[in-house]
Amino acid sequence: MNFEDIIGQREMAERLRNLADNNRLPHAIMLCGPKGAGKMALAIALASHLLGTTDQAWHMLNNFQHPDLHFAFPIIRPKGASSDKKFDSDDYMSEWLEMLRADGAYFDLPTWLAKIKVENQQSNIPVAESDRLTRLFLMKSNQGGKKIAIIWLPEKMNIECANKMLKLIEEPPAESLFIMVSNHPEQLLETTRSRVQRFDVKPIAQEDIIDALMNKRGLNQNDATRTARIANGNWLKAISLLEPGNEEALFFDMYVMLMRLAYTRKVSDLKKWSDQCASLGREKQIRMLETFQRLTREYFMYNFHQPSITYMTEEEENFARKFAPFINENNIIGMYELFQRVIRDIGQNANPKIQFFDLSMKMAVFIHKQK
């Protein structure tokens, strides 16, 4: 992947390239920023820029087969596996490379976990990963240049792995480069954060997403603009909105069902709705609640009749025409804070059946708070 292949992020790409070309790149860096901003694309482009010194090297890089480019990422221990077996990224490397070749550098943790068919299991980067990288980096470079490790979601390192990685970063072998790609750098050990140079990657500019949707996906100007506004700087969300039966469409349907049932106060049906929500995995539940927050905000703003400040699909906008008046000054804050509280509690492993039923009951109260 070249820097030119990245969607937007021209300023950050140029900054990284200049540091590399002037031999001023630290041996350990961390690209931080929101999901879907292209951090992994920047990491791979930087590694390719440094390792792609020959045509043969570029051919290997384009197929993710360069022997001096290594990846570390969250994995799970398969059920029933022997306790003596230590798992690391090598055990999932074929699936990882298959995903990279299919999706390029734009994917998220749910996509990866779905790829290895473990969506509802907790993943981490185990201590065996730090042992693997230590072995690899103590060996000579295969091509005679740098050895590079891209560590995706380093906040997923368990404590033992994090401590061993810290030692490797503090005493790096010659010609080593560690590129961390993090969504939540605050979850890393402070000692790790202090040993790497941080680069904050901003969300992708709306105009860059519009251009990419038109040039790469064939959308017309209106559809590309509408999609880019909802995506809010997140390329992953932009392309997910184009998929038939996409997750956002499911979440919209669940939101509409909640509001209609809350209005009619059908407790038995709200209980069924709650059970349906509880059957989803926790990460999916959180994404759904975040969509509920977005929709609630958009329906409140729709009442001001200012199209420039609303960000909705056509279907969401059609629902707004009749529903928006039910979101008003008397309930908008309460609704938004309710969704936020349930997001927090679900994230802390609270019982989802209780959480969603409580949410639905409170929503039946909020929806009847009129002006």
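Before any of the text, the structure's been laid out above.
Caption draft 1: Up close: empty space enclosed by the protein. Under the definition given, this model contains one cavity of 30 Å³ or more. Its volume calculated, the largest cavity comes out at about 140 Å³. Along its surface, the largest cavity is lined by 17 residues, and Gly36, Lys39, Met40, Phe107 and Trp152 are the ones closest to its centre. Of the residues assigned to the lining of the largest cavity, the class counts are 11 nonpolar, three polar and three charged.

Caption draft 2: The packing of helix H6 (residues 127-138) against helix H7 (residues 159-170), seen in detail. At their nearest, the axes of H6 and H7 sit 7 Å apart, and the two run at 20° to each other. Relative to H7, the element H6 is oriented roughly parallel. In this structure, the crossing between H6 and H7 has a hand that is left-handed. Of H7, the residues touching H6 (which contributes Val127, Glu129, Ser130, Asp131, Leu133 and Thr134) are Glu160, Cys161, Lys164, Met165 and Leu168.

Caption draft 3: Spotlight on the side chain of Arg132. Inspection of the secondary structure assignment puts Arg132 in helix H6. Only 3.1 Å separates the side chain of Arg132 from the backbone oxygen of Phe71, close enough to count as a polar contact. In this structure, Arg132 is in contact with Phe71, Asp88, Ser89, Asp90 and Met93, ignoring residues within four places of it in sequence.

Reading the values: the criteria
Residues numbered from 1 in each chain as written. Predicted model: local features only at pLDDT ≥ 70, side-chain atom pairs only at ≥ 80, totals over all residues. Heavy atoms only, no water. 1 Å grid on protein atoms, 1.4 Å probe; cavity = no way out; pocket = protein on both sides within 12 Å on 5 of 7 lines; lining within 4 Å. Points joined across faces, edges and corners; volume = space filled by probe spheres on them. Nonpolar A, V, L, I, M, F, W, Y, C, P; charged D, E, K, R; others polar. Axes fitted to C-alpha atoms, helices over the stretch in contact; angles between N-to-C directions. Helix = DSSP H or I, 4+ residues; strand = E, 2+ residues; numbered from the N terminus. Parallel < 35°, antiparallel > 145°, perpendicular 65-115°, else oblique. Left-handed = near helix turned anticlockwise from the far one by under 90°. Contact = heavy atoms within 4.5 Å. Polar contact = N/O pair within 3.5 Å; in protein donor to acceptor, adjacent residues only side chain to side chain.

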